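Spelled out from the first residue to the last, the chains are:
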Amino acid sequence: CEREAFEIDHRQDVLNVKISPQIYKYITGIMNHLNTVTANSRSRDASKQTTIKQRFEADFDFSNNQGKKLHKVLKTLKCWVKMLDKTQSSNSKSYIEERCSF
């Protein structure tokens, strides 16, 4: 996401740039993953997983143009990465770690 933001000719245009199809696909992939995790949760974990899924879907609401703005998605994604990293068990890889190479 950040690389895409800095490839724009005029940096002040970042506020008006919409996300690319690749970023959209990545975020919807996370949503699908959360749906799977929620569906497979044990009953005691299901409520927590459902809350996380609902918050993620609300934060990444692409039904309006504001939700598709690159700067908003970057800010929201950074918050989610921090939160998910804190909650992720150290024994297993997170969805983000499995699909990103840094």
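Residues numbered from 1 in each chain as written. Predicted model: local features only at pLDDT ≥ 70, side-chain atom pairs only at ≥ 80, totals over all residues. Heavy atoms only, no water.

## Things to note about the overall build of the chain
Here is step 1 of the chain: Along its length, the chain carries five helices and zero strands.
Here is step 2 of the chain: Mapped from its N terminus to its C terminus, the chain presents α and β elements in the order α-α-α-α-α.
Here is step 3 of the chain: With 102 residues in all, the chain has 30% of them scored as buried.
Here is step 4 of the chain: Just so you have it, the chain exposes about 7,400 Å², and 49% of that area is on carbon and sulfur atoms. (Helix = DSSP H or I, 4+ residues; strand = E, 2+ residues; numbered from the N terminus. Buried < 20%, exposed > 50% of the residue type's maximum accessible area, 1.4 Å probe, protein only. Areas by Shrake-Rupley, 256 points an atom, 1.4 Å probe, with all protein chains shown as cover.)

## Considerations on the nonpolar core
Here is step 1 of the chain: Among the nonpolar cores identified, the biggest contains 16 residues, and I27, F56, F60 and V73 are the most heavily contacted of them.
Here is step 2 of the chain: Within the residue set of this core, elements represented by two or more residues are α2 (21-40), α3 (43-59) and α4 (70-87).
Here is step 3 of the chain: A per-element tally of this core places α4 first, with six residues.
Here is step 4 of the chain: Sequence-distant contacts of F56, that is, excluding residues within four places in its chain, are made with I27, I30, M31, L34 and W80. (Core = buried A, V, L, I, M, F, W, Y, C linked by side-chain atoms within 4.5 Å. Contact = heavy atoms within 4.5 Å.)

## Side note on the pattern of salt bridges
Here is step 1 of the chain: For the structure on display, the rule yields one salt bridge.
Here is step 2 of the chain: Among the ionic pairs, K53 bridges to E57, the shortest N-O distance being 3.7 Å. Linking K53 with E57, this pair stays in helix α3, spanning four residues, or about one helical turn. (Salt bridge = Lys/Arg side-chain N within 4 Å of Asp/Glu carboxyl O.)

## Brief notes about the environment of I23
Here is step 1 of the chain: Here I23 is to be found in helix α2.
Here is step 2 of the chain: Spatially, the C-alpha atom of I23 lies 9.2 Å from that of L70, the residues being 47 residues apart in sequence.

## Observations concerning the side chain of Q49
Here is step 1 of the chain: If you trace the backbone, Q49 turns up in helix α3.
Here is step 2 of the chain: Non-local contacts of Q49, meaning those with residues more than four positions away in its chain, are made with V37, T38 and S41.

## What to know about α2
Here is step 1 of the chain: Its 20 residues place the ends of α2 28 Å apart at the C-alpha level, agreeing with the 28 Å of an ideal helix rising 1.5 Å per residue.
Here is step 2 of the chain: Those residues of α2 that fall on the buried side of the exposure criterion are I23, I27, G29, I30, M31, L34 and T38. (Expected span 1.5 Å × (residues − 1).)

## Re the packing of aromatic side chains
Here is step 1 of the chain: Tallied over the full model, the rule gives four aromatic pairs.
Here is step 2 of the chain: An angle of 55° between the planes, with centres 5.2 Å apart, marks the rings of Y24 and F62 as tilted. In this pair, Y24 is assigned in helix α2 and F62 in the loop between α3 and α4, connecting sequence segments 38 residues apart.
Here is step 3 of the chain: When its relative accessible area of 41% is taken as the criterion, Y24 is described as partly exposed.
Here is step 4 of the chain: Taking 4.6 Å as the distance between ring centres and 40° as the angle between the ring planes, the aromatic pair formed by F56 and F60 counts as tilted. A single burial state applies to F56 and to F60, both of which are buried.
Here is step 5 of the chain: Site record: aromatic cluster; members linked through ring pairs are Y24, F56, F60, F62 and W80. (Phe/Tyr/Trp six-rings, centres within 6.5 Å; stacked < 30°, edge-to-face > 60°.)

Such coordinate-based values are descriptive only and should not be taken to indicate function.
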